[in-house]
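Each chain, letter by letter, is given below.
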Amino acid sequence: MSEVLVVVEATKEFGVKKVTLEMLTLARELGTPSAVVLGGAGAAEALSAKLGEYGAEKIYAAEGDEIDGYLVAPKATVLAELVKRVQPSAVLLASAQEGKEIAARLAVKLDNGILTDVVGLAADGTATQVAFAGSTIVKSKVTKGLPLVTVRPNSVTPSPAAASPAIEQLTVSVTDTDKLAKVVERVAEQKGSRPELTEAGVVVSGGRGVGNADNFKLVEELADLLGGAVGASRAAVDSGFYPHQFQVGQTGKTVSPQLYVALGISGAIQHRAGMQTSKTIVAVNKDGEAPIFELADFGVVGDLFKIVPQAAEEIRKRK
Amino acid sequence: MNIVVLVKQVPDSGADRNLRNDDNTVDRGSANNVINEMDEYAIEEALKIKEAHGGEVTILTMGPDRATESIRKALSMGPDKAVHVLDDALHGSCAVATSKVLAAALGQLNADLVICGAESTDGRVQVMPHMIAERLGVAALTGARKLTVDGATLTVERQTEEGYEVVTASTPAVVSVWDTINEPRYPSFKGIMAAKKKPVQTFSLADLGVAPTEVGFDGATSAVVEHTKRPPRSGGAKITDEGEGGVKLVEFLATEKFV
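Thresholds applied
Residues numbered from 1 in each chain as written. Chains lettered and ligands numbered in written order. Predicted model: local features only at pLDDT ≥ 70, side-chain atom pairs only at ≥ 80, totals over all residues. Helix = DSSP H or I, 4+ residues; strand = E, 2+ residues; numbered from the N terminus. Rg over C-alpha atoms; globule rule 2.2 N^0.38 Å. Buried ≥ 20, exposed ≤ 12 C-beta atoms within 10 Å, placed from the backbone. Contact = placed C-beta atoms within 7 Å. Pairing = 2+ DSSP bridges. Axes fitted to C-alpha atoms, helices over the stretch in contact; angles between N-to-C directions. Parallel < 35°, antiparallel > 145°, perpendicular 65-115°, else oblique. Left-handed = near helix turned anticlockwise from the far one by under 90°. Nonpolar A, V, L, I, M, F, W, Y, C, P; charged D, E, K, R; others polar. UniProt positions renumbered as here; feature names shortened; annotations may be inferred. Domains from an automatic or database assignment.

## As for the overall build of chain A
Alright, step 1. Summing up its helical and strand segments, chain A has 9 helices and 17 strands in all.
Alright, step 2. Since a compact globule built from 319 residues should have a radius of gyration of about 20 Å, the 21 Å found for chain A is in line with a globular shape.
Alright, step 3. Projected onto its principal axes, the C-alpha coordinates of chain A cover approximately 60 × 40 × 40 Å.
Alright, step 4. Across the 319 residues in chain A, those meeting the buried criterion constitute 58%.
Alright, step 5. Across chain A, every contact between residues at least 6 apart in sequence was considered, and the portion connecting residues at least 24 apart equals 67%.

## Side note on the sheet that holds strand 10 (residues 148-151) of chain A
Alright, step 1. If you trace the 10 strands from one edge of the open sheet to the other, you get 11(A)-5(A)-4(A)-1(A)-6(A)-10(A)-7(A)-8(A)-9(A)-12(B), paired in mixed fashion. Where the open sheet ends on each side, the last strands, each with one partner, are strand 11 (166-169) of chain A together with strand 12 (222-229) of chain B. Within this sheet the neighbouring strands show an average axis-to-axis angle of 35 degrees, counted without direction.
Alright, step 2. Sheet topology places strand 6 (residues 90-94) of chain A next to strand 10 of chain A; 4 bridges connect them, and they run parallel. The residue bridging Leu-92 of chain A from the neighbouring strand is Val-149 of chain A, located in strand 10 of chain A.
Alright, step 3. Taken strand by strand, helix 2 (residues 43-53) of chain A contacts strand 4 (32-39), strand 5 (58-63) and strand 11 of chain A, and its axis lies near 160 degrees from that of strand 5 of chain A.
Alright, step 4. Contacting strand 1 (3-7), strand 6, strand 7 (115-121) and strand 10 of chain A, helix 5 (residues 97-110) of chain A runs over the sheet at an angle of about 175 degrees to strand 10 of chain A.

## Considerations on the packing of helix 3 (residues 95-109) of chain B against helix 4 (residues 128-136) of chain B
When two helices pack together, their arrangement is given by the angle between the helix axes and the distance between those axes.
Residue and element names in this part refer to chain B.
Alright, step 1. In the contact formed by helix 3 and helix 4, the axes pass within 9 Å of each other and the chain directions differ by 55 degrees. If you check the angle between helix 3 and helix 4, you find them oblique. Handedness of the helix 3/helix 4 crossing: right-handed. Contacts from Ala-95, Val-96, Ser-99, Lys-100, Leu-102, Ala-103 and Leu-106 of helix 3 reach helix 4 at Met-128, Met-131, Ile-132, Arg-135 and Leu-136.
Alright, step 2. Taken together, the residues that form the contact of helix 3 with helix 4 break down as 9 nonpolar, 1 polar and 2 charged.

## Observations concerning the interface of chain B and chain A
Alright, step 1. On the side of chain A, 79 residues touch chain B, which itself brings 68 residues to the contact.
Alright, step 2. At the level of elements, helix 1 (37-53), helix 3, helix 4, strand 7 (139-150), strand 9 (163-170), strand 12, strand 13 (237-240) and helix 8 (245-255) of chain B are the ones that each hand at least two residues to the side of chain B that touches chain A.
Alright, step 3. Looking at the side of chain B that touches chain A, its residues break down into 29 nonpolar, 22 polar and 17 charged.
Alright, step 4. Bridge count between strand 17 (residues 298-301) of chain A and strand 13 of chain B: 4 bridges; the pairing is parallel. From the neighbouring strand, Gly-299 of chain A faces strand 13 of chain B, where its bridge partner is Lys-238 of chain B.

## Details of unusual backbone geometry
Alright, step 1. Cis geometry is adopted by the peptide bond preceding Pro-172 of chain B, which originates at Thr-171 of chain B and carries an omega value of 0 degrees.
Alright, step 2. The topology assignment puts Pro-172 of chain B in the loop between strand 9 and strand 10 (173-177).
Alright, step 3. Phi angles above zero are rare outside glycine, and Gln-87 of chain A is one such case at about 45 degrees.
Alright, step 4. Of note, Asp-111 of chain A is a non-glycine position whose phi angle comes to about 45 degrees, a positive value.
Alright, step 5. Here Asp-111 of chain A shows up in the loop between helix 5 and strand 7.
Alright, step 6. Here Asp-111 of chain A falls in the exposed class, since 12 other C-beta atoms lie within 10 Å of it.

## Some thoughts on the UniProt feature "domain: Electron transfer flavoprotein alpha/beta-subunit N-terminal" (unreviewed entry) in chain B
Alright, step 1. Feature annotation in UniProt places "domain: Electron transfer flavoprotein alpha/beta-subunit N-terminal" (unreviewed entry) on residues 23-212 of chain B, given in this structure's numbering.
Alright, step 2. For residues 23-212 of chain B, the end-to-end C-alpha separation is 18 Å, with 33% helix and 29% strand making up the annotated structure.

## Some words on the domain arrangement of chain A
All names here are of chain A.
Alright, step 1. What the domain assignment reports for chain A is domain 1 (3-179) and domain 2 (202-318).
Alright, step 2. The gap between the C-alpha centroids of domain 1 and domain 2 is 32 Å.
Alright, step 3. Across the boundary between the two partners, domain 1 contributes 4 residues, which contact 7 residues of domain 2.
Alright, step 4. In the side of domain 1 that touches domain 2, the residues fall into 2 nonpolar, 2 polar and no charged.

Quick look at the structure:
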């Protein structure tokens, strides 16, 4: 079977991200998965066990400051060289900021089509995409070149399939043009032990109804009891209740968890755009006419400051 | 500084949006078409840089005739002039071909700085800034929540999932911005009146030296095979809290095995 390249998404703190495991699972349906690690020195070694566990038969690595010290361009150059050499049957990247950016450059370098926000990929290269805030399902195909797709997190259930990949170090020959955008500093912001928002199985979000930044503790408490991530509506972010990187919606993150809990969120289109493909939706809002209830599988009309602490207490009792 | 802002006209994300049944492209005919929201932040950032450092701000739009409305709206915020890439052959163009056309137009505008929104609300593909930078061989500083200009040196703060990165480059460069970067101004009455007289130059594909076969459906590198409207979600049980709302909520979560 032919090779399918999976460009690895990982973080220093948590290692291989779940979307990478999803891509490896998807790649196994299409051919033989090879993982591609583009990062700092020693990155591939640290990730190899996990990548093998999910079926990576081989790991290509390009590492060091030449790769990691600049914004995406060197990564795209290395990847383009690899694609030309191994002629894979598909290239998969994560549908997140960096994955899309690398894919964008790769598409231009290879004069190859690109499909983003893919939630499924058939063996014949037909991709399924969700468009217009989840309201339209699109089947599409790359018609020039190989299937170059970015895969949206939480699209596939990762399943392990043991392999023992060897690491092949790639020769890094990036050009001066690739080094125009220099990363001078990386600052980690406090995140705690919660799962990453786009990858979480459970997301608990707060909106304007939460009232102030301090009250977001209630949202966080419920998220922690459910092992979930915390999100916020644009109204809550604009009011300064919660940081922007947790915004769910049209101009924020798109999430598709198993369970989405909306607290004090009216459900404006802006917000629905980012969460309406969630599997189960639960809402608490004092306004019984709020549009969020049109989506909710279970809704409670009432005061969230009474309902949420009671729910938290009930979960503790059951644990 | 010579600044070009990329502006895209999109169907209003606050209303029902559709793909056309005949050719699977975005239905712009029956939609309320507006400036892509993120682009307003790009315009604002360009105007702030001009106010602080001098220079000129040009709007660049590729789109059909009716995109003129969005160009005038953009100009009413304060930019000096606009360029409209308008050609019937462009209908059906993919992202790769679009980047080719925009890069060709930018090649004629000698921009020191290209600013655009990080993504459009219709496609949300997020690839255009890097595609254009790749073609022009210039730096791309993308996803900026803060931009500082010091002479020819640009520094941005870029939000990542772990925190943020500080990235720097020299002009010429492409910068894309999120809506956290500023608060776009509203056009003043004076601005709206002035916009009517500002120059809007039209470029055809021939003006840009791009062949019609390189764009549109003929030149597309990807194709939509089919699309279907997803059935709208229907609401489930809705109860009114009478003192036991929290417990009932957890009971529901338990039946769904979340607790």
